[in-house]
Amino acid sequence: DQQVKQNSPSLSVQEGRISILNCDYTNSMFDYFLWYKKYPAEGPTFLISISSIKDKNEDGRFTVFLNKSAKHLSLHIVPSQPGDSAVYFCAARVIQGAQKLVFGQGTRLTINP
Amino acid sequence: EAGVAQSPRYKIIEKRQSVAFWCNPISGHATLYWYQQILGQGPKLLIQFQNNGVVDDSQLPKDRFSAERLKGVDSTLKIQPAKLEDSAVYLCASSLTPDYGYTFGSGTRLTVV
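Residues numbered from 1 in each chain as written. Chains lettered and ligands numbered in written order. Predicted model: local features only at pLDDT ≥ 70, side-chain atom pairs only at ≥ 80, totals over all residues. Heavy atoms only, no water.

(A) Geometry of the overall build of chain B. Secondary structure summary: chain B contains zero helices and eleven strands in total. Moving toward the C terminus, one meets the helices and strands of chain B in the order β-β-β-β-β-β-β-β-β-β-β. Over its C-alpha atoms chain B spans a radius of gyration of 13 Å, differing by no more than 12% from the 13 Å that the globule rule assigns to 113 residues. For chain B, the spread of C-alpha atoms along the principal axes amounts to about 35 × 25 × 25 Å. Across the 113 residues of chain B, 45% fall into the buried class. Pairs at least 24 residues apart make up 53% of the contacts formed inside chain B by residues separated by at least 6 positions. (Helix = DSSP H or I, 4+ residues; strand = E, 2+ residues; numbered from the N terminus. Rg over C-alpha atoms; globule rule 2.2 N^0.38 Å. Buried < 20%, exposed > 50% of the residue type's maximum accessible area, 1.4 Å probe, protein only. Contact = heavy atoms within 4.5 Å.)

In structure tokens, the structure reads:
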């Protein structure tokens, strides 16, 4: 079974501090991992991705880390801003077949002023 | 470029009724996806089209759900008859190819009462 899990349904962080969102996966048949951000009443928007052959990818305030041995990835946001308050989904792309994305359950991030 | 358009934005129906959702992908995007997002869960792929052919419909409840993509452009997703557990946001996404990033529409929120 291809599973992606986000075990923290919510996270609250002070503005200016670092936000760390975590994601675990149970299947090795993924070649890319992605983070999507979702505001209420909008569709998810792509944030950042990482290839399974890398262990870090950085884009401005956002950095994704991949630990293949632990089957774990994390998204770091620093410094956190009020506009970062949203639901964050971790997703993994299946290598074989239709290359679909499998999503985690999401983590609601709240940035407090 | 224009985004992925979906309609309606909201729909409330009684159980056992039928409902249809419409999606217009980004121009030139060959791959189209329908995802179901139940409250508190991540999006789950229902069906993937490549042009007007079905690539993956393994998680589509075919006894009640159907989808088509005429002429490889617009797509409709139908539920007949609806059940209470079909209450969810139905997201359409498109991409140039399965290798490329997805762009999601804003979704249709379905409530079955």
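On we go from here.
(B) Up close: the state of the cysteines. Applying the stated criterion to the full structure yields two disulfides over all chains. Each disulfide pairs two cysteine sulfurs, and for Cys 23 of chain A the partner residue is Cys 90 of chain A, the sulfurs being separated by 2.1 Å. Between Cys 23 of chain A and Cys 90 of chain A, the S-S torsion sits near -70°, and that sign places the bridge as left-handed. Taken together, the residues Cys 23 of chain A in strand β3 (residues 19–25) and Cys 90 of chain A in strand β9 (residues 86–94) connect sequence positions 67 residues apart. Take Cys 23 of chain A: its relative accessible area is 1%, and that puts it in the buried class. Shown here is the disulfide that connects Cys 23 of chain B with Cys 92 of chain B, its sulfur atoms set 1.9 Å apart. Disulfide Cys 23 of chain B-Cys 92 of chain B: torsion about the S-S bond near -70°, hence left-handed. Here Cys 23 of chain B is found in strand β3 (residues 19–24), whereas its partner Cys 92 of chain B is found in strand β9 (residues 88–95), with 69 residues between them in sequence. (Disulfide = S-S within 2.5 Å.)

(C) Fine view of the nonpolar core. Among the nonpolar cores identified, the biggest contains 25 residues, and Val 4, Phe 30, Phe 33, Trp 35, Leu 73, Leu 75 and Tyr 88 of chain A are the most heavily contacted of them. Residue assignment for this core shows that the elements contributing at least two residues are β3, β4 (30–38), β5 (45–51), β7 (62–67), β8 (72–77), β9 and β11 (107–112) of chain A. If you tally residues by element for this core, the top one is β9 of chain A, at five residues. The next biggest cluster of nonpolar side chains, apart from the first, holds 21 residues, and it includes Val 4, Leu 60, Phe 65 and Val 112 of chain B. (Core = buried A, V, L, I, M, F, W, Y, C linked by side-chain atoms within 4.5 Å.)

(D) Quick look at a nonpolar patch on the surface. Residues Ile 18, Ile 20 and Val 78 of chain A make up a contiguous nonpolar surface patch of about 230 Å² in total accessible area. Tracing the sequence through the fold places Ile 20 of chain A in strand β3. (Patch = residues over 30% accessible without salt bridge, like charges linked within 9 Å, V, L, I, M, F, W, Y side chains within 5 Å. Areas by Shrake-Rupley, 256 points an atom, 1.4 Å probe, with all protein chains shown as cover. Salt bridge = Lys/Arg side-chain N within 4 Å of Asp/Glu carboxyl O.)

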